[in-house]
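Notes for the structure review
For reference, the chains in residue letters:
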There are 2 protein chains.
Amino acid sequence: MTTNTKRAILDLAESLLLDKGFNGFSYAHIASELGVKNAAIHYHFPSKEDLGCAVVQRYRDRFQLWVNNARVKDLSPQEKLDWFFSIYASLRADQGKVCLGGSLETEFNSIPVSLRQQTESLTNELLSWLASTLEEGREAGIFQFNGESGNKAALILSSLQGALQMARALGTETFHAVVAQHKQDLLV
Amino acid sequence: MTTNTKRAILDLAESLLLDKGFNGFSYAHIASELGVKNAAIHYHFPSKEDLGCAVVQRYRDRFQLWVNNARVKDLSPQEKLDWFFSIYASLRADQGKVCLGGSLETEFNSIPVSLRQQTESLTNELLSWLASTLEEGREAGIFQFNGESGNKAALILSSLQGALQMARALGTETFHAVVAQHKQDLLV
DNA sequence: TTGACAACTTACTAACCAGTAAGTAAAATA
DNA sequence: TATTTTACTTACTGGTTAGTAAGTTGTCAA
């Protein structure tokens, strides 16, 4: 039986990571928010590196669970893309959070190596799913674009990542304008 | 007569900002690298907020100087776009740096308010120039895209920003693939 | 030559950081 | 019932952080 505390720590750490970045939150933040002591966090996650890796690992597991579930798997390519966009729109709606990859990659040069590897795996998995979905849509005659689907996927993923960040400075409309433009580019 | 030190501080602070982020470097880093004492930095920039704002202000001035100079102003839309892409390619080539907007926006919720305002102004200026250039190219029949040029500009800018970050995890090829895809999307 | 000012250094502080060692109370297990 | 294990707390450490106050040195203008 796993504790509530461990999950609460992961939840809060994920939220803080997307809000302030890996170097932007501390064990003290988490502890005071949860009403426990500093050392309680260290009991569940000995180092901050462990905590960071656990957050990304859980996120990766969650994503794989989603895309392998019929609720997503059985959608049309267009619906799949809309579902994917909605993940990012939800992040924006949730206190203006950025995406996990964007947060970690921006601090890439000041995070532990194991966390960098987790980030690389996460990004590859997102990119791979998105490329497959784009390819599936193009073959079905729903999407229209030139070049390799992997490159178009990288373009879209990088843009969603950047758009969540830009929206912090320019507002939510900017993010939605980018998403709308992607749809227009793909569907015309 | 301004000192060498002040400029050296700004140069190093800008480099560190694009490498490790605003929360990822300290006055001690700059001081030891320059062979001066901590307090010397505080003499030129009383607070870290002042230093951050000065870095962005100088970057903004530099960009306006460039785009208003004949060397850029007299280029064709396609050459202007290539010039703009080359700024980001240079950042990638320079130790895998990210762009200034991306660095600051990712840490937006843990930087001083005045630095947020600088970030907003910078992003608006980049976006505005890019939108004009895209519009100019479309009217000249060189670029092809649907929708408002402002939205396409936001898509491209956000993507360049995200691609520099992604390239840290996936490598330089990813960045160049994204740039190539943008060109293909615009020029077909 | 004197005085002012620019460009620092020395020496410090209070706050915060991740991380640890030792102890405790309750629950699960044998 | 006795023992072990889980989930913590208390109390601490050494390192780093931005920031400050007071002193020093060299240059330049009157």
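See the structure printed just above.
The notes below deal with the structure included here. All values reported here derive from a predicted model rather than from experimental measurement. (Residues numbered from 1 in each chain as written. Chains lettered and ligands numbered in written order. Predicted model: local features only at pLDDT ≥ 70, side-chain atom pairs only at ≥ 80, totals over all residues.)

Structural notes on the overall build of chain A
- Along the backbone of chain A there are 10 helices and zero strands.
- Reading chain A from its N terminus to its C terminus gives the helix and strand order α-α-α-α-α-α-α-α-α-α.
- The C-alpha atoms of chain A give 18 Å as radius of gyration, which agrees with the globular expectation for 188 residues (16 Å, within 12%).
- Seen through its principal axes, chain A has C-alpha atoms that stretch 55 × 40 × 30 Å.
- Long-range pairs, those at least 24 residues apart, make up 63% of the contacts in chain A with a sequence separation of at least 6. (Helix = DSSP H or I, 4+ residues; strand = E, 2+ residues; numbered from the N terminus. Rg over C-alpha atoms; globule rule 2.2 N^0.38 Å. Contact = placed C-beta atoms within 7 Å.)

Thoughts on the relation of the copies chain B and chain A
- For these two chains of identical sequence, chain B goes onto chain A by a turn of 180° and a shift of 0.0 Å along the axis, with RMSD 0.0 Å. Given the turn and translation reported, the copies of this chain are related as if by a two-fold rotation axis. Nearest to the rotation axis, the C-alpha of Ser159(B) is located 1.8 Å from it, this being the minimum over chain B.
- When the interface residues of chain B are mapped onto chain A, 100% of them again lie at the interface, so the same face is used by both copies. (Least-squares fit on C-alpha atoms with pLDDT ≥ 70 in both.)

Here we look at the nonpolar core
- Leu130(A), Leu164(A), Leu130(B) and Leu164(B) are the most contacted members of the largest nonpolar core, which has 97 residues in total.
- For this core, the element with the highest residue contribution is helix α9 (residues 149–170) of chain A, accounting for 12 residues.
- Other than its neighbours up to four places away in sequence, Leu164(B) contacts Tyr88(B), Leu91(B), Arg92(B), Val98(B), Cys99(B), Gly102(B) and Phe175(B). (Core = buried A, V, L, I, M, F, W, Y, C linked by C-beta atoms within 7 Å. Buried ≥ 20, exposed ≤ 12 C-beta atoms within 10 Å, placed from the backbone.)

Digging into helix α8 (residues 113–139) of chain B
- Over its 27 residues, α8(B) runs 39 Å from end to end, which matches the ideal 39 Å to within 8%, given 1.5 Å per residue.
- Within the sequence span of α8(B), burial applies to Leu115(B), Gln118(B), Thr119(B), Leu122(B), Thr123(B), Leu126(B), Leu127(B), Trp129(B), Leu130(B), Thr133(B), Leu134(B) and Gly137(B).
- Elements in contact with the buried residues of α8(B): α9 of chain A together with α4 (48–67), α6 (77–93), α7 (100–106) and α9 (149–170) of chain B.
- Positive phi appears at Gly141(B), one or two residues downstream of α8(B), with a value of about 75°. (Expected span 1.5 Å × (residues − 1).)

Considering the protein's contact with DNA strand D
- Of all residues adjacent to DNA strand D, which total 18 residues, the nearest are Thr5(A), Lys37(A), Ala39(A), Ala40(A) and Ser26(B).
- Of all the secondary structure elements, the ones that give two or more residues to the surface near DNA strand D are α3 (38–44) of chain A together with α2 (27–34), α3 (38–44) and α4 of chain B.
- At four residues, the largest contribution of residues to the surface near DNA strand D is made by α3(A).
- The residue makeup of the surface near DNA strand D, split by class, is eight nonpolar, seven polar and three charged. (Near = placed C-beta within 6 Å. Nonpolar A, V, L, I, M, F, W, Y, C, P; charged D, E, K, R; others polar.)

Things to note about the protein's contact with DNA strand C
- Neighbouring residues of DNA strand C: 18 residues in total, closest Ser26(A), Thr5(B), Lys37(B), Ala39(B) and Ala40(B).
- Contributions of two or more residues to the surface near DNA strand C are made by α2 (27–34), α3 and α4 (48–67) of chain A together with α3 of chain B.
- Here the surface near DNA strand C takes four residues from α3(B), the largest share from any one element.
- Grouping the amino acids of the surface near DNA strand C by side-chain chemistry returns eight nonpolar, seven polar and three charged.

Here's the deal with the environment of Gln57(A)
- Tracing the backbone through its elements, the reader meets Gln57(A) in helix α4.
- As for Gln57(A) and Leu91(A), which are separated by 34 residues in sequence, their C-alpha atoms are 18 Å apart.

Quick word on the environment of Leu157(A)
Residues and elements named next belong to chain A.
- Looking at the element boundaries, Leu157 is found in helix α9.
- Separated by 56 residues in sequence, Leu157 and Gly101 place their C-alpha atoms 9.9 Å apart.
- Ignoring sequence-local partners within four residues, the contact set of Leu157 consists of Leu126, Leu127 and Leu130.

Some remarks on the packing of α4(B) against α8(B)
All names here are of chain B.
- In contact at an axis separation of 9 Å, α4 and α8 are set at 15° when each is read in the N-to-C sense. The angle between α4 and α8 falls in the class roughly parallel. Here α4 and α8 pass one another in a crossing that is left-handed. Residues Glu49, Gly52, Cys53, Val56, Gln57, Tyr59, Arg60, Phe63 and Val67 of α4 touch α8, and the partners they reach there are Ser114, Leu115, Gln118, Thr119, Ser121, Leu122, Glu125 and Trp129.
- The residue inventory of the contact of α4 with α8, partitioned by class, reads eight nonpolar, six polar and three charged. (Axes fitted to C-alpha atoms, helices over the stretch in contact; angles between N-to-C directions. Parallel < 35°, antiparallel > 145°, perpendicular 65-115°, else oblique. Left-handed = near helix turned anticlockwise from the far one by under 90°.)

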